[in-house]
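Take a look at the letters that make up each chain.
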Amino acid sequence: YRDLHTFELQAPTRLIEWARGNRVCVAGYGQSDGNEILQLIPPPTLLTKETQGLCPERDFKVECGGFSERPVYSLKYVPDTSLLVTSGPPDSSLHVWQVSAENSDVIKSVSTIATENGTGQSWAKIATISARAPWVLHGSRLDRVQITEVESRKNVYTAASRGSEELSNLAFLDCNTLLLCCATGRLCLADTRQPQSLAEAAPVPSAPGSEQWCMGTRHAAQGSEPSSQPVARLSSSGLLTLTDLRKTSELLALAKARVPSPGSEFLCVSWAPALEGYLAISGFDGTVHVYDTQSWDSSGREAEPIFVHKGHAFGGAGGTADSPLVTVHTWHLQKPRTLLSAASDGSLHVWDWVQPCGKC
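Residues numbered from 1 in each chain as written. Predicted model: local features only at pLDDT ≥ 70, side-chain atom pairs only at ≥ 80, totals over all residues. Heavy atoms only, no water.

Participant: I keep staring at the nonpolar core and nothing clicks. Help me out?
Facilitator: In terms of nonpolar packing, the biggest core is built from 18 residues, with Leu 137, Val 145, Ile 147, Leu 167, Phe 172, Leu 178 and Leu 180 touching the most fellow members. Sequence-distant contacts of Leu 178, that is, excluding residues within four places in its chain, are made with Leu 137, Ile 147, Tyr 157, Ala 171, Phe 172, Cys 188, Leu 189, Ala 190 and Thr 192. Counting residues in hydrophobic clusters, the runner-up holds 17 residues, among them Leu 267, Trp 271, Tyr 291 and Trp 296. (Core = buried A, V, L, I, M, F, W, Y, C linked by side-chain atoms within 4.5 Å. Buried < 20%, exposed > 50% of the residue type's maximum accessible area, 1.4 Å probe, protein only. Contact = heavy atoms within 4.5 Å.)

Below, the structure is given as structure tokens:
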């Protein structure tokens with residue numbers, strides 16, 4: 001490691017979200033009520049673009065917080081606002097939160113976005129954008145995808161689909177283009193200007209058993225088309241596919257990750273925003289694996305990670321005998337090789353690995 005910071009949360013968390021001012025938002029999922037939503041100030045070394053030397057302050061600090069009466073399974077910061085949107089069981093409704101001003105340390109609930117036929121549906125997957133107005137893209141199944149204006153709670157778009165597969169991820173590629181990933185691995189492109197149109201991307205390889213899939217999208221580089229960024233899909237058996245959305249009829253690359261056991265409900269794959277061709281996966285055990293995809297092809301051979309973070313698997317919070325499970329990870333927005341990860345024991349880690357010799 002080049003650097004490693006740890007922080008112990010009061011409850012397990014399944015999400016980490018960057019907010020304005022390089023703040024970090026986390027929320028608990030383990031309780032039926034009283035789940036914390038916290039905004040944390042990262043250690044000073046993470047607030048600068050350049051790596052600093054020794055720093056006396058190495059911990060996160062709680063800046064403000066609140067409590068949710070239901071488990072928080074997804075949390076998204078609404079860009080250019082002080083709002084957060086959360087979702088979680090027992091239904092597909094959304095909850096909007098206000099991160100309070102500087103003179104207050106409270107995150108308070110301000111509204112609820114009810115969904116049509118929300119009762120009985122699984123919790124909603126969400127994505128946010130503020131290109132035109134603060135919007136939230138949400139849905140639990142392919143035939144129940146909507147865009148809602150966060151502040152007015154007005155529905156501005158409903159996707160048309162004859163399928164009803166459960167969704168694992170949603171993403172805005174830009175203010176008009178949406179990408180939907182089903183738990184079966186099916187990828188669908190939608191355009192808000194053409195509500196009746198839903199285009200399918202390349203199917204995933206067939207595999208025995210009931211595979212669960214998730215996806216990771218990369219923010220487009222300035223001046224490039226969002227569709228030029230490859231989409232990664234990860235299965236619960238460790239299969240990884242890369243798809244170029246400009247040529248959806250075929251897979252760009254296929255690889256197999258070496259995983260100890262089938263993945264959990266916490267499957268996560270994400271692209272490095274400041275490091276070309278690198279992605280990370282987690283959700284199989286107490287580790288996070290980082291890969292360089294630039295040499296991958298369509299052979300489906302086993303991929304070797306360039307780095308494995310094992311910090312959660314050793315000396316986790318609480319001293320339990322069972323190894324913690326990594327529930328989520330995310331990349332630092334500016335520091336190329338810095339990641340944040342959280343585990344089922346409430347541990348939050350920030351780590352930066354040293355680039356292997358010969359790849360500097």
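So that's the structure; there's more coming.
Participant: Where do I start with the pairing of strand β29 (residues 347–352) in this structure?
Facilitator: In regular strands, side chains alternate between the two faces of the sheet. Summarising burial for β29: six of the six residues are buried, a large majority. Residue alternation in β29 divides its side chains into two sets, Ser 347, His 349 and Trp 351 and Leu 348, Val 350 and Asp 352, and both sets are buried. Note: strand β1 (residues 3–8) against β29, six bridges, orientation antiparallel. Note that in β29 the partner of Leu 4 across the bridge is Trp 351. Judged from the five bridges that link them, strand β28 (residues 338–343) and β29 form a sheet pairing that is antiparallel. (Helix = DSSP H or I, 4+ residues; strand = E, 2+ residues; numbered from the N terminus. Pairing = 2+ DSSP bridges.)

Participant: Got a minute to help me understand the pairing of strand β18 (residues 213–216) in this structure?
Facilitator: Taking every second residue as pointing to the same face, both faces of β18 are buried, with Trp 213 and Met 215 on one and Cys 214 and Gly 216 on the other. Relative to strand β19 (residues 231–235), β18 runs antiparallel, the two sharing four bridges. From the neighbouring strand, Trp 213 faces β19, where its bridge partner is Ser 235.

Participant: Just to check I follow, could you spell out the side chain of Thr 293 for this structure?
Facilitator: One can find Thr 293 in the loop between β24 (288–292) and β25 (302–303). Overall, Thr 293 belongs to the buried group, its relative accessible area being 9%. Side-chain polar atoms of Thr 293 contact the backbone oxygen of Gly 277, separated by 2.7 Å. Filtering out sequence-adjacent residues up to four positions away, Thr 293 remains in contact with Leu 242, Trp 271, Gly 277 and Leu 279. (Polar contact = N/O pair within 3.5 Å; in protein donor to acceptor, adjacent residues only side chain to side chain.)

Participant: Even after reading the chapter, I still don't get the packing of aromatic side chains, so can you show me in this structure?
Facilitator: Working definition: an aromatic ring pair is given by the centre-to-centre distance plus the angle between the planes. For the coordinates displayed, the defined rule picks out nine aromatic pairs. With centroids separated by 5.9 Å and ring planes inclined at 65°, the aromatic side chains of Tyr 291 and Trp 296 adopt a geometry described as edge-to-face. Across this residue pair, the class does not change: Tyr 291 and Trp 296 are buried. Here the aromatic rings of Trp 331 and Trp 353 are separated by 6.2 Å at their centres, their planes lie at 70°, and the arrangement is edge-to-face. One end of the pair, Trp 331, is in strand β27 (residues 326–331); the other, Trp 353, is in the segment after β29, and 22 residues separate them in sequence. For Trp 331, a relative accessible area of 3% gives the class buried. (Phe/Tyr/Trp six-rings, centres within 6.5 Å; stacked < 30°, edge-to-face > 60°.)

Participant: Any chance you could explain the sheet that holds β27 here in plain terms?
Facilitator: Strands pair in a sheet through their backbones, by hydrogen bonds, and they do so in one of two ways: parallel or antiparallel. Reading across the sheet, the four strands line up as β1-β29-β28-β27 and stay open at both edges, with antiparallel pairing between neighbours. Every other strand in the sheet has two partners, leaving β1 and β27 as the edge strands with one partner each. This sheet shows a mean twist of 15° between the axes of neighbouring strands, independent of strand direction. (Axes fitted to C-alpha atoms, helices over the stretch in contact; angles between N-to-C directions.)

Participant: How should I be thinking about the side chain of Thr 338 in this particular structure?
Facilitator: Here Thr 338 is to be found in strand β28. Assessed through its relative accessible area of 2%, Thr 338 is described here as buried. Of the polar contacts made by the side chain of Thr 338, one reaches the side chain of Asp 352; its length is 3.2 Å. If we skip the residues at most four places from it in the chain, Thr 338 touches Leu 46, Trp 331, His 332, Val 350, Trp 351 and Asp 352.

No statement about biological role is implied by the geometric values presented.
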